[in-house]
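Each chain, written out:
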Amino acid sequence: MIRFAIVPLLLALNFSMCKKNEVVSQNPQPGASSPAAGTTTAGGSPGVASVAASPKITKPVVDQTAQTIIFCYHLLVDKVRYPGTEITPAAFEAQMKELKDRGITVISMQDLLAWKRGEKNIPPRCAIITFDDGYKSQYEVAWPIMKKYGYPFTMFIYTEGVRGGALGGGGAITWEQLADMRDNGVDIEAHSATHQDLREGHTITLASPGGKKTRTKLTGPQYEEWMQNEVVGSKQLLEQRLGIKVNCFAVPFGNYNEHVKEIARSAGYEAMFTVYGQPITFTSPLDSIGRYAIEANKPKVFEDAVKTIGASTSGGAPVAEVGAKDLATQPADGETARTALPLIKANLSRIGQIEPGSVQMRVSGLGVVPATYDPKTGTVSYQVTQKLREKSCSVFVSAKSQGKKVEAHWTFGIEESPARAVPPAAQTPKK
Ligand SMILES: [Zn+2]
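Residues numbered from 1 in each chain as written. Predicted model: local features only at pLDDT ≥ 70, side-chain atom pairs only at ≥ 80, totals over all residues. Heavy atoms only, no water.

A. Examining the packing of aromatic side chains more closely. The tally for this structure, following the rule as stated, stands at twelve aromatic pairs. Here Y73 and F92 contribute two aromatic rings whose centre-to-centre distance is 4.8 Å and whose plane-to-plane angle is 90 degrees, an arrangement assigned as edge-to-face. In this pair, Y73 sits in strand β1 (residues 67–73) while F92 sits in helix α3 (residues 89–101), placing the two residues 19 residues apart along the sequence. With a relative accessible area of 0%, F92 lands in the buried category. Arranged with centres 5.4 Å apart and planes meeting at 50 degrees, the rings of F156 and F273 form a pair that is tilted. Taken as a pair, F156 in strand β6 (residues 154–157) and F273 in strand β11 (residues 271–273) lie far apart in primary sequence, 117 residues in all. For F156, a relative accessible area of 0% gives the class buried. Residue F273 is classed as buried on the basis of its relative accessible area, which comes to 0%. An aromatic cluster of at least three residues, connected via ring pairs, comprises Y73, F92, F131 and F153. One residue, K147, lies across the ring of W143, its end atom 3.9 Å from the ring centre. K235 extends its terminal NZ or CZ atom over the ring of Y269, reaching a point 5.7 Å from the ring centre. (Phe/Tyr/Trp six-rings, centres within 6.5 Å; stacked < 30°, edge-to-face > 60°. Helix = DSSP H or I, 4+ residues; strand = E, 2+ residues; numbered from the N terminus. Buried < 20%, exposed > 50% of the residue type's maximum accessible area, 1.4 Å probe, protein only. Lys NZ or Arg CZ within 6 Å of the ring centre and 35° of its normal.)

Structure, rendered in structure tokens:
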């Protein structure tokens, strides 16, 4: 028993040591062509709707400027002995309250993923709460606090703990408690089988069926087989015991490499999580989503995270939205273009001084396009060269003006059939 009790301590030490070595690319995914979110009417004002053949709403226009910070908690205890993984219920609750006070919306992990897929909008400044490892105190102490604030959250479970296996750390949540959480809308995701370094050739512990433990390093086929259980087996066990779909994987200690990512990807995980905290944006790669690991003696981690997505409680948007009609767009908002190869244009001169090189145009179905910007006239234009396939097309134009990002978006319909008189939609009122 004593030996088992040491495991959480070791995990705790490992946790705080390993994550410091971690290097995660902060660059946006190359070619993250995040299917420019949205083929829909931009404003949906009634005036536009009356203008013949208005585009059908298929997807919402998602706010690509929204940002999310993700927190990772472990144990909730009254007396902190291992600050790397513990926090008092009072300190935890104070942080939950602070999110509320600062106007940061706590959203669910599945909402974040839906937003990344361009299916759903999220508020401009969000937070996600996750709990790692599956401890009883998360069920008994954290959950009531989360209920009090009405916050959704995600549990990252390593299955050996719940199973009560030889490599479990003790103090684990039970299957019944997890089922209770599941029934009440808590998101339950995977955190490997035995919670060890998943990189090939690293020292791990194996347990024989009798419970005897051996330290070893696995390579080649033996390693691959072990990984199948860690990455695929843990997912299957959670899915089968709880009747859920698991699409997120939190990497133990945040230690991973390309091969670990590849195995997780082919196991069907949509997103992978580390402990390298950073604001998650629309283009953040899904295979290395950083979380802020909250430690009892480092309250600054929480404070800094909250500050990164805007400290003001007034909720000042990081981006100024400009009405498309001010930009004399072509095709106009709500208009129906008679070609699937339209020339798309907007005049940015009304915005003010535009920083050179900051102008970007995104077109639904195409992503970022090589638009031309003429500083003399303030016009940004792009001749579509590849037929637009949808019945409607959304365009997002953004630029920097006096250090501030300004964005406009609008939607036009496409109908290649013989022309019909369409009143100039640019004159229709726009909110
Ligand atoms: Zn963990």
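B. How the structure looks around the coordination of the zinc ion. For the zinc ion, every protein donor is listed as D133 (OD), H191 (NE2) and H195 (NE2), and the spread of their distances is 2.0 to 2.1 Å. For the zinc ion, all donor residues lie on one chain, and their spacing in sequence is D-x57-H-x3-H. You can call H191 buried: its relative accessible area is 1%. On the basis of relative accessibility, which here comes to 3%, the residue H195 falls in the buried class. (Donors = N, O, S within 2.8 Å, 3.2 Å for Na, K, Ca; no water.)

C. Region of the structure containing unusual backbone geometry. Cis geometry marks the peptide bond from Q330 to P331, where omega comes out at -10 degrees. Residue placement: P331 occurs in the loop between β13 (319–321) and β14 (336–337). Unusually for a residue other than glycine, F253 sits at a positive phi of about 60 degrees. Note that F253 resides in the loop between β10 (248–250) and α9 (258–266).

D. Examining the nonpolar core more closely. Grouped together as the largest cluster of nonpolar side chains are 59 residues, with contacts concentrated most on F71 and L99. When residues in this core are grouped by element, the largest group, seven residues, is from helix α8 (residues 220–242). If sequence neighbours within four positions are ignored, F71 has contacts with L99, A127, I128, I129, T130, Y292, I294, F302, A305 and V306. By size, the runner-up hydrophobic cluster in this structure holds 25 residues, among which are V322, A340, L348 and L388. (Core = buried A, V, L, I, M, F, W, Y, C linked by side-chain atoms within 4.5 Å. Contact = heavy atoms within 4.5 Å.)

E. Structural view of the packing of α3 against helix α10 (residues 299–308). Close contact between α3 and α10 brings their axes to 12 Å; oriented N to C, the two are set at 15 degrees. As judged from the angle between their axes, α3 and α10 are roughly parallel. Note that α3 runs across α10; the crossing there is right-handed. In this structure, α3 uses Q95, E98 and L99 to contact α10, whose residues at the interface are F302, E303 and V306. Grouping the amino acids of the contact of α3 with α10 by side-chain chemistry returns three nonpolar, one polar and two charged. (Axes fitted to C-alpha atoms, helices over the stretch in contact; angles between N-to-C directions. Parallel < 35°, antiparallel > 145°, perpendicular 65-115°, else oblique. Left-handed = near helix turned anticlockwise from the far one by under 90°. Nonpolar A, V, L, I, M, F, W, Y, C, P; charged D, E, K, R; others polar.)

F. View of the pattern of salt bridges. The final tally for this structure, using the stated rule, is 21 salt bridges. Across the pair E160 and R163 runs a salt bridge whose closest N-O atoms are separated by 2.6 Å. Residue E160 and its partner R163 are located together in helix α6 (residues 159–163), separated by three residues, close to a single helical turn. By relative accessible area, E160 is classed as buried at 9%. Note that D304 is salt-bridged to K300, the shortest N-O span being 2.9 Å. Taken together, the residues D304 and K300, both in helix α10 and four residues apart, mark about one turn of the helix. According to the relative accessible area criterion, K300 is exposed, its value standing at 56%. Residues joined in a network through salt bridges with shared partners are E258, K261, R265 and D287. (Salt bridge = Lys/Arg side-chain N within 4 Å of Asp/Glu carboxyl O.)

G. Region of interest: the packing of helix α5 (residues 136–149) against helix α7 (residues 175–183). Taken N-terminus to C-terminus, the directions of α5 and α7 make an angle of 40 degrees; their axes are 9 Å apart at the nearest point. Compared by their axis directions, α5 and α7 come out oblique. Helix-helix and strand crossings are classified by hand; for α5 and α7 the assignment is left-handed. Residues K136, Q138, Y139, E140 and W143 of α5 form the contact with α7, whose participating residues are Q177, D180 and M181. Here the contact of α5 with α7 is built from residues that sort into three nonpolar, two polar and three charged.

H. Molecular detail of α3. Taking 1.5 Å of rise per residue, the 13 residues of α3 would be expected to cover 18 Å, and the 18 Å separating its terminal C-alpha atoms lies within 8% of that figure. Immediately beyond the C-terminal end of α3, within one or two residues, lies G103, with a positive phi of roughly 75 degrees. (Expected span 1.5 Å × (residues − 1).)

I. Region of the structure containing the side chain of D133. Checked against the element boundaries, D133 lands in strand β5 (residues 125–133). No salt bridge is formed by the buried D133; its nearest oppositely charged neighbour, R291, is found at 7.5 Å. One polar contact links D133 to Y135, side chain to side chain, over a distance of 3.1 Å. If near-sequence neighbours (up to four positions away) are discounted, D133 is found in contact with H74, F156, Y158, H191 and H195. (Lys, Arg positive; Asp, Glu negative; His and termini not counted. Polar contact = N/O pair within 3.5 Å; in protein donor to acceptor, adjacent residues only side chain to side chain.)

J. Layout of the sheet that holds strand β15 (residues 343–347). With respect to topology, three strands assemble into an open sheet ordered β15-β19-β18, the strand pairing being antiparallel. Because the sheet does not close on itself, it has two edges, and the strands there are β15 and β18 (372–374). Sheet twist, expressed as the average angle between the axes of neighbouring strands with direction ignored, equals 20 degrees. Bridging between β18 and strand β19 (residues 379–383) involves three bridges; their strand directions are antiparallel. (Pairing = 2+ DSSP bridges.)

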